[in-house]
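# Working through the structure, step by step
Next come the chains, spelled out residue by residue.
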Amino acid sequence: MAGALAYRWDGRRCRFFFQTRAGTYTDRALVPFVRALKRHFRGRRVVLIWDGLGGHKSRYMTTYVRRQRAWLTVERLPAYAPELNPIEQVWGNVKTRELANVCAPDLASLRQPLRCGFARIRQQPTLARAFLHHAGLSF
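What counts and what doesn't
Residues numbered from 1 in each chain as written. Predicted model: local features only at pLDDT ≥ 70, side-chain atom pairs only at ≥ 80, totals over all residues. Heavy atoms only, no water. Pairing = 2+ DSSP bridges. Helix = DSSP H or I, 4+ residues; strand = E, 2+ residues; numbered from the N terminus. Phe/Tyr/Trp six-rings, centres within 6.5 Å; stacked < 30°, edge-to-face > 60°. Lys NZ or Arg CZ within 6 Å of the ring centre and 35° of its normal. Polar contact = N/O pair within 3.5 Å; in protein donor to acceptor, adjacent residues only side chain to side chain. Contact = heavy atoms within 4.5 Å. Buried < 20%, exposed > 50% of the residue type's maximum accessible area, 1.4 Å probe, protein only. Arc of directions from axis to C-beta.

### Observations regarding the pairing of strand 1 (residues 2-7)
Pairing between strand 1 and strand 2 (residues 14-19): six bridges, direction antiparallel. The partner of A6 across the bridge, within strand 2, is R15. Where strand 1 folds back on strand 2, the antiparallel hairpin that results is connected by six residues, among which G11 adopts a positive phi of roughly 80 degrees.

Given below as structure tokens:
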């Protein structure tokens, strides 16, 4: 699963984007997700905060990101610092609510509870802001 919390520069608007797929997210699997973000934020600059996932640091991804400098800036979190990553708060929140006590036989069975949890987060902008503040970040 890939996810992105998006905050308007002045904090007036928050958005949440996600994508699920079978298997591991590699650099080549993440590029289409970043391209989708670019389409959504057409004409606007984006700052992407990334953790230490291997797909974020590969040569392929580094080259791709370098070519996107006109609209994309990437800031990297320190290694092993999930408490600094707002998206980790999203995963934890959904796991304790919509995914609590769920033992799904496959990825398809998780789609509905995930969508419900992510819809709940989308409908509560204060929750998305709280994830940002919990990570020690602000606008």
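### So, the packing of aromatic side chains
This model, assessed by the stated rule, comprises six aromatic pairs. Positioned above the aromatic ring of Y25, the side-chain terminus of R21 is 5.5 Å from the ring centre. The ring of Y60 carries R28 above its face, with NZ or CZ at 3.9 Å from the centroid.

### Brief notes about the side chain of H56
Tracing the sequence through the fold places H56 in helix 2 (residues 54-57). A distance of 3.0 Å separates polar atoms of two side chains, one belonging to H56 and the other to D51. Once residues lying within four places of it in the same chain are set aside, the contact partners of H56 are L30, W50, D51, M61 and R76.

### Things to note about helix 4 (residues 86-96)
Taken together, the buried positions of helix 4 are P86, I87, V90, W91, N93 and V94. For helix 4, the buried positions fall inside an angular range of 165 degrees around the axis, keeping them on one side. In helix 4, the exposed positions angled more than 90 degrees off the buried face are occupied by K95 and T96. Residues of helix 4 that are buried sit in contact with strand 1, strand 2, helix 5 (107-123) and helix 6 (125-134).

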